[in-house]
Amino acid sequence: EENLEDALKGRFSKKMLLSAVAQLYDPLGLVTPLVLNIRTVLSEVTQRTKESHTEDDDIPQEYKEKLRWMLREVIMAGKLKFPRTIIPSEVIEARPKGILVGFADGSTLAYAASAYLVFPKEDGGHNSNLIYSNAKILGSRRFSVPRTELLAAELLVKMMVMLEDAMEDKVSITNKVYLTDSEVVLKQIRLQAGLFDLFTGLRIDLIQSHTNLEDWYHVSSDDNPADIPTRPTATCEDVMSSKWLNS
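Procedures and definitions
- Residues numbered from 1 in each chain as written.
- Predicted model: local features only at pLDDT ≥ 70, side-chain atom pairs only at ≥ 80, totals over all residues.
- Heavy atoms only, no water.
- Salt bridge = Lys/Arg side-chain N within 4 Å of Asp/Glu carboxyl O.
- Helix = DSSP H or I, 4+ residues; strand = E, 2+ residues; numbered from the N terminus.
- Buried < 20%, exposed > 50% of the residue type's maximum accessible area, 1.4 Å probe, protein only.
- Phe/Tyr/Trp six-rings, centres within 6.5 Å; stacked < 30°, edge-to-face > 60°.
- Lys NZ or Arg CZ within 6 Å of the ring centre and 35° of its normal.

**Q** Which residues make up the pattern of salt bridges, and what are the values?
**A** A pair can form between side chains of opposite charge whenever their charged atoms are brought close. Counted by the stated rule, this structure contains five salt bridges. With a closest N to O distance of 2.8 Å, Lys176 and Glu164 form a salt bridge. Of the two residues, Lys176 sits in strand β4 (residues 172-180) while Glu164 sits in helix α5 (residues 145-166), which places them 12 residues apart along the sequence. The class of Lys176 is buried, set by a relative accessible area of 18%. Salt-bridge contacts for Arg231 lead to Asp227; the nearest nitrogen and oxygen are separated by 3.0 Å. Look at Asp227 and you get buried, because its relative accessible area is 13%. Overlapping salt bridges bring together Glu154, Lys158 and Arg203 as one network.

Right under this line is the structure:
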């Protein structure tokens, strides 16, 4: 936090910002939207200045205010509190039954996935909590939105496999649900992988090999929490929203 505060006071160099970002420790991805904000801008700065600036040079003025705002949000995030348990207190089984629900989304800047552990309640409701998220920036790569949506779906599948294995001794996963706001991806994964180019076909094959296609559903962009990290406008309010924490 001290290095971030220092970065807010004076000049900005890429080395200073890279050092500050490297200190952000968020292994579960609870504040992924805020971290991705900064990394997206750093990627833009690096691409624009890689031939004209060194890591010690001041970054262009147009990026400074944006980064100051983003760094303030990250500092504020250090004071946020998240639940320490993902299993509701009313659940008394040693290895309770739960549902693993994942969301995927992609944009021209990044793609992301978020996963939630859901416990049905006796009254017909449910208890849902964010347990993990991950996101990747595209950087200098230029992909169409359908391709980034497919990358997000691939990322989600890998995440869900990892999470189910990690929780095997603690929670009995009775069902897995995959949600995306991309109609294109939902149609692609129901076709033979060999019908597509190598990039698309490999990812469709992975998705088909590790999931049941009946478990894939469409969700609107407004209701998709994975949409939050893919746009560099997220705030602490977004990170603490029920959409992000509880889907």
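**Q** Please provide a residue-by-residue account of the packing of aromatic side chains, values included.
**A** Taken as a whole, this structure holds three aromatic pairs when the rule is applied. Ring centres 5.7 Å apart and planes at 90° place the aromatic pair Phe103 and Tyr116 in the edge-to-face group. With Phe103 in strand β1 (residues 97-106) and Tyr116 in strand β2 (residues 110-120), the pair connects residues that are 13 residues apart, well separated along the chain. Note on Tyr116: relative accessible area 0%, which makes it buried. Ring centres of Tyr178 and Trp216 lie 4.8 Å apart, and the angle between their planes is 15°; on these two criteria the pair is classed as stacked. One end of the pair, Tyr178, is in strand β4; the other, Trp216, is in strand β5 (residues 216-218), with 38 residues separating them in the sequence. Per residue, the accessibility class of Tyr178 equals that of Trp216, and both read buried. Its end group placed over the ring of Phe199, Arg147 keeps NZ or CZ at 4.2 Å from the ring centre. One Lys or Arg, Arg203, reaches over the ring of Phe199 and ends 4.0 Å from the middle of that ring.

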